[in-house]
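Inside the fold
These are the residues of each chain, in order.
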Amino acid sequence: MDTGTHIVMGVALGGLATLDPTVQSNPALFHAVLVGTVVGSHAPDFDTIFKLKNNATYIRQHRGASHSLPAILMWSLLVSGAIYLFVPEVSYLTLWLWTLLAVSIHVFVDLFNAYGTQAFRPFTKKWIAKGFINTFDPYIFFLNVAGIIAWALGANPGYTWLIIYTVIVLYYIKRYMDKREIVQKIKEYLPDTEIVATSPTLKQNYWRVAITTSDRYYVGSVENRHIEIVDEFYRVPLPDTDVIKAAKNDKNISSFLNFSPVYRWEIKTDEDDVTEVRFIDLRYRSKGYYPFVAVVKLDKNLEVITSYTGWIFSEQKLQNKLVPSDSTP
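Residues numbered from 1 in each chain as written. Predicted model: local features only at pLDDT ≥ 70, side-chain atom pairs only at ≥ 80, totals over all residues. Heavy atoms only, no water.

As annotated in an unreviewed UniProt entry, the chain is Metal-dependent hydrolase from Oceanobacillus neutriphilus.

Describing the nonpolar core
Ranked by size, the top nonpolar core spans 50 residues in total, and within it Val23, Val33, Ile133, Ile140, Tyr172, Ile186 and Val209 carry the most contacts. Contributing elements (two or more residues each) for this core: α1 (3-16), α3 (27-42), α5 (69-84), α6 (92-110), α8 (157-189), β2 (206-213) and β3 (216-223). Apart from the residues within four sequence positions on either side, Val209 is in contact with Ile182, Ile186, Val196, Ala197, Thr198, Tyr218, Val219, Gly220, Ser221 and Val222. Membership of the second largest hydrophobic core comes to 19 residues, among which are Tyr115, Ile244, Ala246 and Phe292. (Core = buried A, V, L, I, M, F, W, Y, C linked by side-chain atoms within 4.5 Å. Buried < 20%, exposed > 50% of the residue type's maximum accessible area, 1.4 Å probe, protein only. Helix = DSSP H or I, 4+ residues; strand = E, 2+ residues; numbered from the N terminus. Contact = heavy atoms within 4.5 Å.)

Topic: the packing of aromatic side chains
Applying the stated criterion to the full structure yields 23 aromatic pairs. Ring geometry for Tyr115 against Phe259: centres 4.6 Å apart, planes inclined by 40°, an arrangement best described as tilted. Of this pair, Tyr115 sits in the loop between α6 and α7 (138-152) while Phe259 sits in helix α10 (residues 251-259), and the two are 144 residues apart along the sequence. The residues Tyr115 and Phe259 share a single accessibility class, namely buried. Measuring from ring centre to ring centre gives 5.4 Å for Phe256 and Phe292, while their planes differ by 25°; the resulting arrangement is stacked. With Phe256 in helix α10 and Phe292 in strand β7 (residues 292-298), this pair connects stretches of sequence that are 36 residues apart. (Phe/Tyr/Trp six-rings, centres within 6.5 Å; stacked < 30°, edge-to-face > 60°.)

Considerations on the pattern of salt bridges
Counted by the stated rule, this structure contains 13 salt bridges. A salt bridge links Asp110 to Arg63, with the shortest nitrogen-to-oxygen separation between them at 3.7 Å. Placement of Asp110 in helix α6 and of Arg63 in the loop between α4 (55-61) and α5 is noted, with a sequence separation of 47 residues between them. Just as Asp110 is buried, Arg63 falls in that class too. For Arg278, the salt bridge is made with Glu276, and the minimal N-O distance between the two is 3.1 Å. Like Glu276, Arg278 is buried. Residues participating in the shared-partner salt-bridge network are Lys174, Arg175 and Asp178. (Salt bridge = Lys/Arg side-chain N within 4 Å of Asp/Glu carboxyl O.)

Shown next, in the form of structure tokens:
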């Protein structure tokens with residue numbers, strides 16, 4: 001989810017904590033728990049600091065180790081421990097348990113959007129992206145905001161959030177059923193479908209889809225249960241060549257391949273014997289463009305001249321990123 005949603009969910013958990021008699025009867029503990037749930041609800045996304053290094057590191061690390069099972073425990077201990085230093089008179093166990101719940105819910109809800117997480121590390125590095133909740137879902141966000149307003153106006157926070165989160169759980173079930181129906185319709189439309197990557201949008205009835213069949217990739221949308229295919233590509237495996245081997249050794253390309261399950265590739269060589277290898281993620285088509293890419297340029301000796309991976313919404317901006325003097329060190 002986005003930062004704003006994680007924060008309001010942290011406030012919600014702080015309110016829900018008032019159902020705990022230990023928290024309700026102790027103002028100091030309540031305030032410590034509230035800080036713990038708000039900070040804990042955002043803590044796994046502290047990995048955005050990797051952006052300061054380069055896009056390749058950020059893409060490889062974001063929602064990776066920071067959202068893993070050991071990290072859930074680590075974040076909860078760090079956040080609750082830091083708070084406890086300032087209020088050592090409160091129950092640390094209670095503070096830690098509520099903070100742990102906040103961190104766990106952060107990782108859990110991130111499983112359901114199109115980006116996903118590596119939540120089951122160290123057992124597997126597989127990206128889990130269920131793809132039926134948008135990264136920013138206005139229904140979830142504004143239900144939480146409504147709860148905060150009701151709390152500020154004097155409503156009982158525990159019961160308020162209990163009601164709101166019952167509604168949100170039902171909403172998740174509804175969105176899961178929506179996705180299941182979409183996947184079923186696609187499989188009826190394309191019987192040899194193997195994988196359907198869904199990306200919900202802000203519109204409840206509009207989804208982007210990337211479909212993998214036995215021999216092709218299809219990119220399209222589903223609106224009001226109507227399937228529209230807008231692009232089609234043959235499913236061509238990566239060749240086992242020196243060019244591809246050199247490209248895969250580049251940090252930007254390897255980060256992209258570690259993250260992207262549905263992509264196509266292109267190889268072009270210009271008159272100066274500069275070879276460009278480009279990988280294009282098919283899940284995020286927007287306004288006729290595929291913005292998430294990885295590109296490497298190699299000289300005739302297959303040495304990297306420049307490379308880039310990330311979100312780019314025009315070819316000109318991409319080429320500007322690939323100017324060697326501006327490339328990521």
